[in-house]
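Analysis of the macromolecular model
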Amino acid sequence: MALFSVSFAPSGGSAEVLEGTTLLEAAGACGIPLHSPCGGQGRCGKCAVQAAGGVDEVKPLERAVFTEEELAQGWRLACQARVVGAAQVAVPESSLMVEHHIAVEGIEREITVEPNVRKIALRLPAPTNEDPRADLDRVMDALGGDVRPPQRLHPLQALPQVLRSSEFKVTGALIGDTLVGIEPGDTSDAAYGVAIDVGTTTVVAYLCHLPSGEVAAVASELNHQSQYGEDVIARLQMAVSEPEGTALLEAAVVDGVNRLAARAAEAAGIALDSIYEIAVVGNTCMTHLFLGVTPTGLASVPFVPAFQEAQTVRAAALGIAIHPEAVVYVVPNIGSFVGADTVGVILASEIDRGDGLVVAVDIGTNGEIVVARGEDLYACSTAAGPAFEGARIGSGMRAAAGAIDQVAINNDVSYHVLGDVPPRGLCGSGLVDALAEMVGAGLVTVQGRLRRPEEVGPLPEKVRGRLIENEGGMEFVLARAEDAADGRPVVLTARDIRQAQLAKGAIYAGIVSMLEEVGAGPGDIDRLLLAGAFGNYISRESAVAIGLIPAVDEGRIESVGNAAGVGARLALLSVAERRRAERIAQRVQHVELSESEGFYDRFADAMMLRPLPDEG
Ligand code: FES
């Protein structure tokens, strides 16, 4: 097969690829992260590029996405177009994966810092004729009887030199009760760990100074597994159906952890080998893939994970380049689709200890819901889909620069754009606002139907004029082509509204189903906690107006930021919290919503775009 050169603008990257390679793969070979939320299935339309030269013929899937005019200009879906000769590809900014707003604060909690890693400074007597103990015995005697000697050769090999070069003033590094390193001088303060929240969309790393518990640096990036599919289902499919699927997904996240650890260490001005431990949370699929465990049982009924308990493994065995003896602690999962991240949310918010009826909702790519009342703790995950992360919405995008994140409709449509740039899409909080405003203005019925211009009541002409009909049906223009980046208008279509209804219906119905488990209803909620980035940024008023969350008093709703990440930090900083996480995972009752009685009726009711429960 012939090799052809493909060059990319504006980055200037180029690669020699085999005939038949997709432009998406060629971009990947050049390190150009093209957005591909559908995993290259040709369904999302997000990987649009302009190609010239040797590319094959346009596919039917592409005709559904582009107009004839756009096709004539060379617009192609990078995942569908294949190289058949030397090609030049222009990548618009809107097709690149971008960093986005991530909740990194979370709730703060007071804890006693008692990490699994300890460093103890020692002043050892030098050997004499009267005291001819072996070097290692000298160290072990000073550390006391509860410490286990090194289990690997590496600390021992350097020991004689370390002791003598430092005049027998050294520091013993312990992970748990095992001596893993002997360092020259007093390095007791140079002890770090990293708490990591492996989200389906984003990976966040908190570099923590272990003796004090302080966060020394935070780094985050998109989960690079996104190139293989936006949601958990797509990645599960890839992991179980492709021969190298699990390995590729594992590498994507492990490489990310290495990058984040290096970035955080650099920001804090510390050496990577002073990081001794990593604590990880993530959903069940993410924790499996992080450990390189093929999640076969999660891919089909009866949906069983390969493991549920906490896992402790050597960082080096996973390919994580920190201290050579460092370990990784993975917080336990609750069930097949409710993972360690939910344990983290419970740990951080302490709802397992709280009084009253508390509901915690984490609206990420997967929507997890926890209900706590007294001793009862129930958790479920909803098949909400990634609509609020911008996927499956025509103009949808993540909460990054160029995303409309707030919308108001008065005399005309006004909006706020993240990053002070022209709009190029709509993120989850913008979607929730837009829906609430459109229903309020009578543009959309509570059943979710986008009205035609002649059906709407009295409305300012500027607003009415944004309702347009084209081949695909009705759509509402939020940002006009002339105001938008890339000259593409930001619109909300009837189909998008349906997607948002399905997502919000699943979340609301999930909340009500979980409340029923404890014999309660939405009116009984004492505290409603919104976790995750989305929970931080949405307008609560709009979320209540469209029935995404129950209509409870504003004062009872709290945004708790990245509570899962805070949970990972707690597991890193305190052995007691780690044990508590393990007890929580045992205690929580996992509810499979599809088996919950009446769920589908509740789901149908919850599709209505109005405050719920509907008291009218
Ligand atoms: S259409 Fe190409 S990645 Fe989705």
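Residues numbered from 1 in each chain as written. Predicted model: local features only at pLDDT ≥ 70, side-chain atom pairs only at ≥ 80, totals over all residues.

Attention now moves to the overall build of the protein chain. Counting its regular elements, the protein chain contains 18 helices and 26 strands. In terms of C-alpha radius of gyration, the protein chain reaches 27 Å, essentially the compact-globule figure of 25 Å for 616 residues. In terms of its C-alpha atoms, the protein chain occupies a principal-axis envelope of roughly 100 × 65 × 45 Å. Split into buried and exposed, the 616 residues of the protein chain put 53% on the buried side. Of the contacts formed within the protein chain by residues at least 6 apart in sequence, a portion of 69% connects residues at least 24 apart. (Helix = DSSP H or I, 4+ residues; strand = E, 2+ residues; numbered from the N terminus. Rg over C-alpha atoms; globule rule 2.2 N^0.38 Å. Buried ≥ 20, exposed ≤ 12 C-beta atoms within 10 Å, placed from the backbone. Contact = placed C-beta atoms within 7 Å.)

An order of E25-E24-E15-E16-E17-E26 is seen for the six strands of this open sheet, with the pairing classed as mixed. Unpaired on one side and paired on the other, strand E25 (557–561) and strand E26 (589–590) mark the two borders of the sheet. One ladder, built from two bridges, connects strand E17 (residues 376–382) with E26; its direction is parallel. Bridging from a neighbouring strand, tyrosine 378 pairs with glutamine 589 of E26. (Pairing = 2+ DSSP bridges.)

Here we take up the packing of helix H6 (residues 232–241) against helix H7 (residues 245–268). Two elements in contact, H6 and H7, have axes separated by 6 Å at closest approach and are oriented at 130 degrees. Viewed along their axes, H6 and H7 adopt a mutual orientation that is oblique. From H6, Arg235, Met238, Ala239, Val240 and Ser241 reach across to H7, where they touch Gly245, Thr246 and Leu249. Looking at the contact of H6 with H7 residue by residue, the classes come out as four nonpolar, three polar and one charged. (Axes fitted to C-alpha atoms, helices over the stretch in contact; angles between N-to-C directions. Parallel < 35°, antiparallel > 145°, perpendicular 65-115°, else oblique. Nonpolar A, V, L, I, M, F, W, Y, C, P; charged D, E, K, R; others polar.)

Grouped together as the largest cluster of nonpolar side chains are 170 residues, with contacts concentrated most on Ala205, Val280, Val331, Leu435 and Leu478. Summarising the domain contributions, this core has at least three residues from each of domain 2 (117–184) and domain 3 (387–499). When neighbours within four sequence positions are excluded, valine 331 is seen to be in contact with Ala279, Val280, Val281, Ala310, Ala340, Val343, Gly344, Ala568, Ala571 and Ala581. One finds Leu24, Ala51, Ala81 and Val83 within the second-largest nonpolar core, a separate group that totals 26 residues. (Core = buried A, V, L, I, M, F, W, Y, C linked by C-beta atoms within 7 Å. Domains from an automatic or database assignment.)

One widely used convention gives an interface's size as the accessible area the parts lose upon coming together. Its domain assignment divides the protein chain into domain 1 (3–95), domain 2 (117–184) and domain 3 (387–499). On a C-alpha basis, the centres of domain 1 and domain 3 stand 28 Å from each other. Contact residues are listed per partner, giving four residues for domain 1 and four residues for domain 3. Among the residues making up the side of domain 1 that touches domain 3, the classes are represented as three nonpolar, one polar and no charged.

Moving on to the sheet that holds strand E7 (residues 169–175). Two orientations exist for strands paired in a sheet by backbone hydrogen bonds: parallel and antiparallel. Reading across the sheet, the three strands line up as E6-E7-E8 and stay open at both edges, with antiparallel pairing between neighbours. At either margin of the open sheet sits one strand with a lone partner, and together these are strand E6 (117–123) and strand E8 (178–184). Between one strand and the next, the sheet's axes are offset by a mean angle of 25 degrees, whatever the strand orientation. Examined bridge by bridge, E7 and E8 share six bridges and lie antiparallel to one another.

Our focus in this paragraph is the environment of valine 162. With respect to the helices, strands and loops of the structure, valine 162 is situated in helix H5 (residues 153–165). Taking the number of C-beta atoms within 10 Å as the measure of exposure, valine 162 has 20 and is therefore buried. Sequence separation between valine 162 and histidine 209 is 47 residues, and the spatial gap between their C-alpha atoms is 24 Å. Those residues in contact with valine 162, other than ones at most four positions away along the chain, are Val170, Ile182, Glu183 and Pro184.

Looking now at H5. The largest bend in H5 comes to about 45 degrees, at leucine 159, with the proline proline 160 one to four residues further on. Taken as a whole, H5 has its buried residues at Pro155, Val162 and Leu163. Its buried side turned inward, H5 meets helix H4 (135–143), E7 and E8. Looking at the residues trailing H5, positive phi occurs at glutamate 167, about 55 degrees. (Bend = angle between axes of the 7 residues up to and from the residue.)

Orientation of helix H10 (residues 340–349) relative to helix H17 (residues 575–587), taken along the N-to-C sense of each, is 120 degrees, at an axis distance of 10 Å. Viewed along their axes, H10 and H17 adopt a mutual orientation that is oblique. Both H10 and H17 take part in a crossing whose hand is right-handed. Residues Val343, Ile346 and Leu347 of H10 touch H17, and the partners they reach there are Glu577, Arg580, Ala581, Ile584 and Ala585. (Left-handed = near helix turned anticlockwise from the far one by under 90°.)

Glancing now at the environment of arginine 464. Take arginine 464: it is sitting in helix H12 (residues 461–464). Through-space distance from the C-alpha of arginine 464 to that of arginine 452 is 9.1 Å; in sequence the pair is 12 residues apart. Apart from the residues lying within four places of it in its own chain, the contact partners of arginine 464 are Pro453, Val456 and Leu459.

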